[in-house]
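For reference, the chains in residue letters:
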Amino acid sequence: MENKDVNWTKVWAKKYNILDTYQNEVDTDKYSNEINRLLESIEKEYRYNKEDSMLVLKDILYHTYLNNVG
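Below: a short report on this structure. Quick caveat: nothing in here was measured; it's all calculated off a predicted structure.

### What about the overall build of the protein chain?
Alright, step 1. In terms of helices and strands, the protein chain carries 4 helices and 0 strands.
Alright, step 2. When the helices and strands of the protein chain are listed from N to C terminus, the series reads α-α-α-α.
Alright, step 3. Its C-alpha atoms give the protein chain a radius of gyration of 14 Å, more than 25% over the compact-globule value 11 Å for 70 residues.
Alright, step 4. By its C-alpha atoms, the protein chain is 35 × 35 × 25 Å across when sized along the principal axes.
Alright, step 5. Counting every position in the protein chain, which comprises 70 residues, the buried fraction comes to 9%.

Have a look at this one:
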């Protein structure tokens, strides 16, 4: 099985139950649209490709998380 064929939400849901339920509670379109806006902004402003933009945004999210849990 290739990495892209793995349902990572299901894999991580074994450890974090919220990943099994949030889709029924959270307005995911609202947040998805905002994430897409941020990705497009990074692509345009820094001339990064889509993958690099996603990695940058993911890293920013991770560091923001770390700054808020401590």
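### Some remarks on the packing of aromatic side chains
Alright, step 1. What the rule picks out here adds up to 2 aromatic pairs.
Alright, step 2. Both rings, one in Trp-12 and one in Tyr-16, keep their centres 5.9 Å apart while their planes meet at 20°; by these two values the pair is stacked.
Alright, step 3. Given the relative accessible area of 45%, Trp-12 is considered partly exposed.

### A short note on the environment of Ser-53
Alright, step 1. Along the polypeptide, Ser-53 turns up in helix H4 (residues 50-69).
Alright, step 2. It is 8.9 Å that separates the C-alpha atoms of Ser-53 and Leu-38, two residues lying 15 residues apart in sequence.
Alright, step 3. When near neighbours in sequence (up to four residues on either side) are disregarded, Ser-53 contacts Leu-39, Ile-42, Glu-43 and Tyr-48.

### Focus: H4
Alright, step 1. An ideal rise of 1.5 Å per residue puts 28 Å on 20 residues; H4 measures up with 29 Å between its terminal C-alpha atoms.
Alright, step 2. Measuring from the backbone nitrogen of Glu-51 back to the side-chain oxygen at the start of H4 gives 3.1 Å, which picks out Asn-49 as the cap.

### Considerations on a nonpolar patch on the surface
Alright, step 1. Together, Trp-8, Val-11, Trp-12, Tyr-16 and Ile-18 make up a nonpolar patch on the protein surface, roughly 510 Å² of accessible area in all.
Alright, step 2. Ranked by the residues each element gives to the nonpolar patch, the list is headed by helix H1 (residues 8-13), at 3 residues.
Alright, step 3. Topologically, Ile-18 is positioned in helix H2 (residues 18-21).

Calculation rules
Residues numbered from 1 in each chain as written. Predicted model: local features only at pLDDT ≥ 70, side-chain atom pairs only at ≥ 80, totals over all residues. Heavy atoms only, no water. Helix = DSSP H or I, 4+ residues; strand = E, 2+ residues; numbered from the N terminus. Rg over C-alpha atoms; globule rule 2.2 N^0.38 Å. Buried < 20%, exposed > 50% of the residue type's maximum accessible area, 1.4 Å probe, protein only. Phe/Tyr/Trp six-rings, centres within 6.5 Å; stacked < 30°, edge-to-face > 60°. Contact = heavy atoms within 4.5 Å. Expected span 1.5 Å × (residues − 1). Polar contact = N/O pair within 3.5 Å; in protein donor to acceptor, adjacent residues only side chain to side chain. Patch = residues over 30% accessible without salt bridge, like charges linked within 9 Å, V, L, I, M, F, W, Y side chains within 5 Å. Areas by Shrake-Rupley, 256 points an atom, 1.4 Å probe, with all protein chains shown as cover. Salt bridge = Lys/Arg side-chain N within 4 Å of Asp/Glu carboxyl O.

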